[in-house]
Amino acid sequence: MTDSTDPTHTTDPTDSSAVVEISKVSKVFGGEKKGGGVEALREIDLTVGRGEFVSLIGPSGCGKSTLLRLIGDLTNPTSGSVTVNGKTAHRARLDRDYGIVFQSPVLFDWRTVEKNVQLPLEVSGVPSAERTTRAREMLDLVELGSFAQNRPWQLSGGMQQRVAIARALALKPQILLMDEPFGALDEMTRERMNLELLRVWQATGTTIVFVTHSIPEAVFLSTRVVVMSARPGRITNIIDIDLPRDRNVDTRELERYFELVTQVRESLRHGEAASGGAVHGSVEADALRVRAEGLG
Amino acid sequence: MARGRSRQIRRALGLIVIVGALLVIWEVAKFIGGDPWRLHGNVLGVQIDFFHNPPFRWRIVTDQSLPHVWNVIHTMTVPVQVNRPILASLLFDNMLFTMRGAATGFALGSAFGLMLGIVLANVRLLERALVPYVVISQTIPIIAVAPVIVIGLRAGTFSVALVAAYLTFFPVTIAALRGLRAADPRAIELMRSLAAGRWEVLRKVRLPAAAPYLFTAFKISATASVVGAIVGELPAGLREGLGGALLNFNQYYTIAPERLWAALLFAAAAGIVAFLLVVAAERFALRGYRPSEEPA
Amino acid sequence: MAVATSTTSTRFRRGSHGIARRVRDWTPAIAVAVGFILLWQGAVQLLDIQRFVLPAPFAIGQSFVEYFPEIWAAASYTAYEAVGGLVIGVTAGLLVGLITGRWVGLRESLLPFAIAVNSVPIIAFAPIMNNWFGLANPLSKMMIAALLVFFPVMINTVRGLISVDPSALELMRSTAATDFAVLTKLRIPTALPFIFTSLKIAATLATIGAIVGEYFGAPRASLGQYIVQHAAYFDFERSWAAIILAAAIGISLYVAVLIAERLVMPWHSSVRGVE
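Residues numbered from 1 in each chain as written. Chains lettered and ligands numbered in written order. Predicted model: local features only at pLDDT ≥ 70, side-chain atom pairs only at ≥ 80, totals over all residues. Heavy atoms only, no water.

Visitor: So, the overall build of chain C: which residues are in play, and what are the values?
Guide: Regarding its fold elements, chain C presents 11 helices and 0 strands. For chain C, the α and β elements follow one another from N to C terminus as α-α-α-α-α-α-α-α-α-α-α. Looking at chain C residue by residue over its 275 residues, the buried ones come to 50%. In chain C, 72% of the contacts between residues at least 6 apart in sequence involve partners at least 24 apart. Surface exposure of chain C reaches about 13100 Å², of which carbon and sulfur atoms provide 69%. (Helix = DSSP H or I, 4+ residues; strand = E, 2+ residues; numbered from the N terminus. Buried < 20%, exposed > 50% of the residue type's maximum accessible area, 1.4 Å probe, protein only. Contact = heavy atoms within 4.5 Å. Areas by Shrake-Rupley, 256 points an atom, 1.4 Å probe, with all protein chains shown as cover.)

Structure representation (structure tokens):
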């Protein structure tokens, strides 16, 4: 189990501390009831450096979304600690240090695209004129500037997700948490969105923690891939992705790319096999799926 | 299952607590602002003589407007006229009479509404012709027509059922239309592939799909039928029902306000019983359906 | 990365194509209305049906014109009661709904209670309201209307407030929004469609409350009393004329709610015109 901190993209040279530190974190759901609850995460140790793009990948129910929510202080660890930007996760949330993007865009139907992006700015009390400028700026960043006055339902799924990304970046946070944001999109749109996201990442220098089901996506986007085992979720492996910085369509054809994809795949299978203990129905189905993917 | 049961028990308890709280507020209000009262008597060999003179006088809380809870209960145990049954028994008969009318009307209205719904669902032209009227009729106080129907038809008890039927059939028609349409198109395609006829598709696919919608409408109609039955009795001067009782005791309000409240209690009971009967029928008819939100 | 999808508004279909289609859609309904009236008139004349329940439509029209001043006066009085009751009931329903939606404990007990009370024939309270506030006082009928209106509005407000998408709640949490911000920016806009549904029901209920309340006793110059009195004297044409105005009050209130809905919620799918 390797654990390397490799900040390849430092925007603030004076500060090379880890942005996210997860230390011996476990999460049990419903543990108060007798007979035990569901052990979602067990003894997770993970460090994310500034400017990194870290993917969390694993079978369904392995706790990767839970881990993301722990970073975002949207749920509490049963044991262990989560430090974000040198503060507690709770403090970091109150200071609005991160933006989050979910699998569904969660845009408000009753607001225009522009007003949707302004939501975090409103909540943190940014004055009106500045809100407008900033929202425009973010929409331009995701190349949706001309759709500012449209309503969410007038946009395609991919476009809605771009608005969600623009909203998550509205306060220019240091961290972006993304929970399978492209999972509901078709393959081609997904690949386009991957390129979009990389462009935005390089333009802003944000640290990104990205949850995904897709091995190719994880390898294509990340600087490091964290492979997790089935429930109870543990870290099976952390793989450095040493693909060149400027990734594009051709990157997917590199031999090194396929090697890394295979490496991730095998780590997943290994994590499945090594996961002794309780095997739940859904985990078995996911194991079958992971194996099939490995063969396909 | 057990969780559902305890939830039901909690709800029932919550209801009892609220009703109890209301009664307490009732009496507390009288304690503070009602008429002076005295409790005088012999309970289990103990002499009681209790006199209370409230500090304030509020018009709404006098014995005239808001009789003591125990007086209302007491009046139900006493006959209204000499050598006649006690009030509670009288009111119970009234309640049965009204509920018979309501039930007849409910049955008629539901049957008609369902048939109309089936016809409209199948004949597009008729649907376009008639649905606007069905919708408009929901905005009209149909109950304004009740006196004319009841007096004009001079059919006595049957006209009460007619008013109840009229109030029932609109919600049922709309629900039938929506429900029959809500059937899964793929299930219908399956039936077609098995060369099933229109009637079979209706029986096996559309009606079961419509059932949840229908029961939602039945719950509304149950109450509406009771209301229709009571209102129908008024202009016809039908003294055997709850409407008659309300009218009757309204006349004697200055002398014996408790009786009107007692009648009200039975009217409330009639509505609740009707509602519960439909809920019970729903539990039975929809057993085995996937539990879901109300298809409002 | 221009993705050319639904950038144009899918809202209203303008142009001659749209109008022709609308006419085609409505023709059957209009045909039914016209046909029905003619049939009715014809049946009464040809079959010489006694003018009991269904007098000839033209006779009703005549009555309407002839007695217009008194019917209009009665209608105004009743409309005043209906509107007053609607305002009181909706305000109370919204307030209590907001408070109930806020606290889970309150919600668990109050909501089932409200649903139970809704199944009670609230109209039975009419005699008591008359006694409390006075037969001749429009407030007595307003209170009945308000009572009828209160429960659906409250129930729907609560339902709307708690039907919020859990992901949206997480989103608000991620931006460290205050509870008040969550209420105003998320819960209330989510609840609006539910509230307007209940307002449409409320419009009808308020009218019903006013009229039926009048059946139990009211000044002569009120629609409820007018209908009952003239029915009792077998003067059915005048009763029906009054009923038409009663229907008009119900429809007007309903349309008022529709207009309000379009103003407050221009984004909602039921208003968007997208099928």
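Still more to cover.
Visitor: Summarise the pattern of salt bridges; cite the residues concerned and give the values.
Guide: A side chain with one charge can pair with a side chain of the opposite charge if their charged atoms come near. Going through the model one piece at a time under the given rule, you end up with 26 salt bridges over all chains. Glu-39 of chain A is the partner of Arg-42 of chain A in a salt bridge, and the nearest nitrogen-oxygen pair spans 2.9 Å. Residue classification places Arg-42 of chain A among the partly exposed positions, given a relative accessible area of 33%. Residue Glu-39 of chain A is classed as partly exposed on the basis of its relative accessible area of 28%. Residue Asp-184 of chain B pairs with Arg-186 of chain B through a salt bridge whose shortest N-O separation is 3.3 Å. (Salt bridge = Lys/Arg side-chain N within 4 Å of Asp/Glu carboxyl O.)

Visitor: Give me the interface of chain A and chain C: which residues, what numbers.
Guide: Taken together, the 31 residues of chain A in the interface contact 24 residues of chain C. Counting each side, the surface lost to burial between chain A and chain C is near 2700 Å², with a carbon and sulfur contribution of 61%. Among the residues chain A hides against chain C, the three largest losses belong to Trp-110, Trp-153 and Gln-154 of chain A. Together they make up 25% of the total. Remark: the boundary between chain A and chain C carries 2 salt bridges. A salt bridge links Glu-122 of chain A to Lys-185 of chain C; the nearest nitrogen and oxygen atoms lie 2.7 Å apart. Taken together, the links from chain A to chain C amount to 6 residue pairs in polar contact (both at pLDDT 80 or more). Looking at the side of chain A that touches chain C, the elements that each hand over two or more residues are helix H2 (89–94), strand E6 (98–101), helix H3 (113–123), helix H5 (157–168) and helix H6 (187–204) of chain A. Ranked by the residues each element gives to the side of chain A that touches chain C, the list is headed by H3 of chain A, at 4 residues. Tallied by class, residues from the side of chain A that touches chain C come to 15 nonpolar, 3 polar and 13 charged. (Buried area = accessible area lost by both parts, 1.4 Å probe. Polar contact = N/O pair within 3.5 Å; in protein donor to acceptor, adjacent residues only side chain to side chain. Nonpolar A, V, L, I, M, F, W, Y, C, P; charged D, E, K, R; others polar.)

Visitor: Before we move on, can you summarise the packing of aromatic side chains with the specific residues and values?
Guide: In the structure shown here, the tally under the stated rule is 20 aromatic pairs over all chains. Taken together, a centroid distance of 5.6 Å and an interplanar angle of 65° make the contact between Phe-106 of chain B and Phe-218 of chain B edge-to-face. With Phe-106 of chain B in helix H3 (residues 87–122) and Phe-218 of chain B in helix H8 (residues 198–236), this residue pair connects regions lying 112 residues apart in the sequence. The ring of Phe-284 of chain B is capped by Arg-287 of chain B, whose NZ or CZ atom sits 4.3 Å from the centre of that ring. Sitting over the face of the ring of Tyr-67 of chain C, Arg-238 of chain C holds its NZ or CZ atom 3.7 Å from the ring centroid. (Phe/Tyr/Trp six-rings, centres within 6.5 Å; stacked < 30°, edge-to-face > 60°. Lys NZ or Arg CZ within 6 Å of the ring centre and 35° of its normal.)

Visitor: Give a detailed account of the nonpolar core, specifying residues and quantitative values.
Guide: Across soluble globular proteins, nonpolar side chains have a tendency to be buried as a group. Residues Ile-22 of chain A, Trp-261 of chain B together with Tyr-215 of chain C are the most contacted members of the largest nonpolar core, which totals 181 residues. Counting residues per element, this core draws most heavily on helix H8 (residues 179–215) of chain C, at 17 residues. With residues up to four places along the chain from it excluded, the contact list for Ile-22 of chain A reads Ile-44, Asp-45, Leu-46, Leu-67, Ile-71, Ser-81 and Val-82 of chain A. Counting residues in each nonpolar core, the second largest holds 51 residues, with Met-138, Leu-139, Phe-147 and Leu-176 of chain A among its members. (Core = buried A, V, L, I, M, F, W, Y, C linked by side-chain atoms within 4.5 Å.)

Visitor: Describe in detail the side chain of Glu-27 of chain B, supporting the description with residues and values.
Guide: All names here are of chain B. Mapped onto the secondary structure, Glu-27 falls in helix H1 (residues 2–33). Within the structure, Glu-27 has its side chain in polar contact with the backbone nitrogen of Val-69 (distance 2.8 Å). Leaving out residues up to four positions away in the same chain, Glu-27 has contacts with His-68, Val-69 and Trp-70.

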